[in-house]
Amino acid sequence: MTEQIRYQLPQQELPRTWYNIAADLPPMAPAINAKTGRPITPEDMLRTTAPALVEQEFSKEREIAIPEEVRQIYAQWRPTPLFRARRLERELNTPARIYYKYEGDAPTGSFKPNSSVPQVFYNKQAGKSMVVADTGAGQWGAAIAFAASLFDMKAKVFQVRVSAEQKPHRKTMMETFGSECIPSPSTETAPGRATLAEFPDHPGSLAVAKSEALQIVFDNPETGYTRGSAANHVCLHQTVIGQEAKRQLELLDDYPDIVIGCAGGGSNLAGLAFPFLGDKLAGGRDVRLVAVEPAACPTLTRGRIAYDHSDSGGMTPLQRMHTLGNGFVPPPVHAGGLRAHSIAPLISWVVELGHMDAVAESQKRAFEAGVFFLRAEGVLAAPEATHAIRTAIDEAVRCRETGEEKTILFGLTGHGNFDLGAYQRFAAGTLPDDSVSEESLAVGLASIPELPGVQ
């Protein structure tokens, strides 16, 4: 009898609402307006953000309806499949059951359209003619270009320079959708020019790209800023991932003991983990949540919980979160989507409350796991997702050693078809680990603003 591997929900089970974890957590420390020193208000955000997104950012409602126009577009690829990694289990000789939620079939190849589509939809509703974005590996930039093409809007994307050089095909994808992609730091904006004046060979960072994108929005009221990760409303949009996974496992009469996601800005991790955490907070089954970040950008494992900007130019509000400092420049690891100096305040808060563990993984060990997974399961994972695969394999091996029959679920956030150059370097033995230096960590932490009386 053929073993079932792929578990697919019917289209009518596509979620009708997004789940808002903020309704079930103790209140977080508020974001602060750096100019006034007071908590951010919805009115403060309206300068850059569509009204509906501002409302979602501050909402304490547990369920927020997904507009039917957005659900109709989601239906092009959602619900996404849940896979049982049976061949991987056999290769590891583990009693664990390993599942992965695969987002690589989505347009542009990753989970990012789950938020780009509603963000562009709401900006269109707000009367904007163009959206602006910052992106690392290019997955968010490609997703914004895709969504902008659906709603007949222009898009301008600032992509971290080293990632633009490592992954030129994502720039091509953005341009093919009709969007503009600019390597950052650039000479197009004051923050970009200031960065280049101080550091002409700057490899780029998400913090700098964010400052450049925001400068365009501040200079042009017809444009709207889009956030690829970290913001409350982005984490909210991504919960379609975890809601579907819960339903798929329910049909299998299974439930995860461990949920694992790679951690950069935090939205894919939130999208997979928060619906399961919501069950736990409501008195349901216990579940261990694990965030896996690159050792070269160890925000959760070596950062400080402090008020900081998410951009290098100080244009964003001050938020209380794990941070390496807005001046931190991570090494040029190929997991460009994880090269963020700070993380979603909601993820940071969940870690601080003890609901989620965090581990850091080296680039080589992550790619080693990605190759092992490819040879077992036949799926080439994005470098970001290989971090989750690494920890899933480690947990499965631990089950082999203890004899425990745990259920392990991890997020495979996207395919690595545009990352073959990195896999080629790994195969040739020329891919470095790019570990972070104590000096760069010290420089980054020193850039965290000093706020007397604020913790």
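Use the structure listed above.
Residues numbered from 1 in each chain as written. Predicted model: local features only at pLDDT ≥ 70, side-chain atom pairs only at ≥ 80, totals over all residues. Heavy atoms only, no water.

A. Quick look at the state of the cysteines. Per the counting criterion, the structure on display carries 0 disulfides. Cys262 provides the cysteine sulfur closest to Cys235, a residue in no disulfide bond, and the two sulfurs are 13 Å apart. Look at Cys235 and you get buried, because its relative accessible area is 1%. (Disulfide = S-S within 2.5 Å. Buried < 20%, exposed > 50% of the residue type's maximum accessible area, 1.4 Å probe, protein only.)

B. Structural detail: the nonpolar core. One finds Trp18, Phe274, Ile347, Met356 and Leu409 to be the most contacted residues of the largest nonpolar core, which totals 69 residues. It is helix 6 (residues 139-150) that contributes the most residues to this core, 8 residues altogether. (Core = buried A, V, L, I, M, F, W, Y, C linked by side-chain atoms within 4.5 Å. Helix = DSSP H or I, 4+ residues; strand = E, 2+ residues; numbered from the N terminus.)

C. Just the side chain of Glu293, in detail. On the secondary structure map, Glu293 appears in strand 11 (residues 288-294). Here Glu293 sits buried without a salt bridge, and the closest side chain of opposite charge, Arg302, lies 8.3 Å off (N-O distance). Here the side chain of Glu293 touches Leu300 through a polar contact of 2.8 Å, landing on its backbone nitrogen. The residues contacting Glu293, other than those within four sequence positions of it, are Ala263, Pro298, Thr299, Leu300, Thr301, Val359, Ala360, Glu361 and His387. (Lys, Arg positive; Asp, Glu negative; His and termini not counted. Salt bridge = Lys/Arg side-chain N within 4 Å of Asp/Glu carboxyl O. Polar contact = N/O pair within 3.5 Å; in protein donor to acceptor, adjacent residues only side chain to side chain. Contact = heavy atoms within 4.5 Å.)

D. Expanded view of the sheet that holds strand 6 (residues 130-135). Reading across from one edge, 8-7-6-9 is the order of the 4 strands in this open sheet, with parallel pairing throughout. Bordering the open sheet on either side are strand 8 (180-184) and strand 9 (223-225), each of which pairs with just one other strand. Ignoring which end each strand starts from, the neighbouring axes of this sheet average 25° apart. Where strand 6 meets strand 7 (residues 154-160), 6 bridges bridge the pair, whose relative direction is parallel. Opposite Asp134, over in strand 7, you have Phe158 as the bridge partner. (Pairing = 2+ DSSP bridges. Axes fitted to C-alpha atoms, helices over the stretch in contact; angles between N-to-C directions.)

E. Summary view of the packing of aromatic side chains. Scanning the model with the defined rule gives 13 aromatic pairs in all. Ring centres of Tyr100 and Phe373 lie 5.2 Å apart, and the angle between their planes is 75°; this geometry places the pair in the edge-to-face category. In this pair, Tyr100 is assigned in strand 5 (residues 97-102) and Phe373 in helix 16 (residues 363-377), connecting sequence segments 273 residues apart. Taken together, a centroid distance of 5.6 Å and an interplanar angle of 75° make the contact between Tyr255 and Phe276 edge-to-face. Here Phe276 lies in helix 13 (residues 267-281) and Tyr255 lies in the loop between helix 12 (240-251) and strand 10 (258-262), a separation of 21 residues in the sequence. Both residues of the pair, Tyr255 and Phe276, count as buried. Through a chain of ring-to-ring contacts, the aromatic side chains of Phe83, Tyr100, Tyr102, Phe373 and Phe410 assemble into a single cluster. (Phe/Tyr/Trp six-rings, centres within 6.5 Å; stacked < 30°, edge-to-face > 60°.)

F. Just the sheet that holds strand 5, in detail. Taken in spatial order, the 7 strands line up as 1-4-5-15-10-11-14 in an open sheet, and their pairing is mixed. Of all the strands in the sheet, the pair left with one neighbour each is strand 1 (6-7) and strand 14 (356-361). Sheet topology places strand 5 next to strand 15 (residues 407-412); 6 bridges connect them, and they run parallel. The residue bridging Ile98 from the neighbouring strand is Ile408, located in strand 15. Contacting strand 5, strand 10, strand 11, strand 14 and strand 15, helix 17 (residues 383-402) crosses the sheet at an angle of about 150° to strand 10.

G. Geometry of unusual backbone geometry. Each neighbour pair has its own omega, and for Arg78 with Pro79 the value is -5°, a cis peptide bond. Looking at the element boundaries, Pro79 is found in the loop between helix 3 (68-74) and strand 4 (82-84). Here the bond from Ser184 into Pro185 is cis, since omega is 10°, no more than 30 degrees from zero. The backbone of Asp152 shows a phi angle near 55°, a positive value even though the residue is not glycine. By the element assignment, Asp152 lies in the loop between helix 6 and strand 7. Given a relative accessible area of 70%, Asp152 falls into the exposed group. Backbone geometry places Asp253, a non-glycine residue, at a positive phi of 55°. Structurally, the position occupied by Asp253 is in the loop between helix 12 and strand 10. You can call Asp253 exposed: its relative accessible area is 72%.

H. The arrangement of the pattern of salt bridges in detail. The tally for this structure, following the rule as stated, stands at 31 salt bridges. One salt bridge connects Lys156 with Glu188, and the closest N-O pair in it is separated by 3.5 Å. In this pair, Lys156 sits in strand 7 while Glu188 sits in the loop between strand 8 and helix 9 (190-198), placing the two residues 32 residues apart along the sequence. On the basis of relative accessible area, Lys156 is assigned to the buried category, the value being 11%. In this structure, Glu361 and Arg365 form a salt bridge, with 2.7 Å as the shortest nitrogen-oxygen distance.

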